[in-house]
Amino acid sequence: LQIFGDSLKFDGNLGIADFLGKIVLKHQGQQLFTDLLQYNLKTRIATYFTKGILLSENTKLQSNKGYYYAKTGKAFLKDSVIPLLQERMYLLSDSLVYDTKNKMVHFTGPTLIEKDSLNIYTEKGFYNVETQQSYFGNNPRYKRGTQIADAKDIYHDAKNKIITLVHDAYIRDDKQAAKADSIIFNESTNQVSLFHNAWYKEGDRELSGDEIEFNR
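Engineer: Got a sec to walk through the pattern of salt bridges? Specific residues and values, please.
Structural biologist: Counting across every chain of the model gives 4 salt bridges. With a shortest N-O distance of 2.8 Å, E187 and R144 are connected by a salt bridge. Here E187 is found in the loop between β20 (176-186) and β21 (191-202), whereas its partner R144 is found in strand β16 (residues 141-144), with 43 residues between them in sequence. A residue is classified by how much of its surface remains accessible, and E187, at 14% relative accessible area, is buried. Across the pair D150 and R172 runs a salt bridge whose closest N-O atoms are separated by 3.0 Å. Taken as a pair, D150 in strand β17 (residues 147-150) and R172 in strand β19 (residues 162-172) lie far apart in primary sequence, 22 residues in all.

Engineer: Could you give me a rundown of a nonpolar patch on the surface, with the residues and numbers involved?
Structural biologist: A cluster of nonpolar side chains, L8, F10 and L41, forms an exposed patch at the surface whose accessible area comes to about 310 Å². Residue placement: L41 occurs in the loop between β4 (30-40) and β5 (45-48).

About the criteria used
Residues numbered from 1 in each chain as written. Predicted model: local features only at pLDDT ≥ 70, side-chain atom pairs only at ≥ 80, totals over all residues. Heavy atoms only, no water. Salt bridge = Lys/Arg side-chain N within 4 Å of Asp/Glu carboxyl O. Helix = DSSP H or I, 4+ residues; strand = E, 2+ residues; numbered from the N terminus. Buried < 20%, exposed > 50% of the residue type's maximum accessible area, 1.4 Å probe, protein only. Patch = residues over 30% accessible without salt bridge, like charges linked within 9 Å, V, L, I, M, F, W, Y side chains within 5 Å. Areas by Shrake-Rupley, 256 points an atom, 1.4 Å probe, with all protein chains shown as cover.

These results come straight from atomic positions and should not be treated as a statement about function.
And the structure:
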């Protein structure tokens, strides 16, 4: 681990180093940029108190306050977290944890994910930066254009463009509405598959059954 800054104040008894100015922390491929940072040599925890930017390969995370644990490679970001992930995917979050070793973003508070016309809200879950697979829980909602989907749990496979809604799944737009125990939606083909306690409505037409498939 290396830390560079304009000035340094070091307390040898406590093992605490306070850096001021243009600061760069480098560790195992990660770079952290900030203006005010404290590093504890005993716990190996770096804390920044003003805006910090963490760069890890093609992932960029920005927050007003954060902690970087050198032992585990995990970064805890708080207060106005704005990550930029692969494929122009943005996250606006109150707090999250980024595991730099496993390339996992864990949502620990209200989070809004945006990419093109896609909009997902969640209060807990995770995103795998390498596989681009994610899970959303605690009042998740999926929205793309006029289409809105709700469920207890939502899974998103960004590479294969598959959305899976599990438990009390409900999907609707300005023309159609459907609900089931679980729903799989293919974003590429617009095919929607309903499983168990399935119900579908379009205009005056209604269908119900164990399984139903339709196209948007």
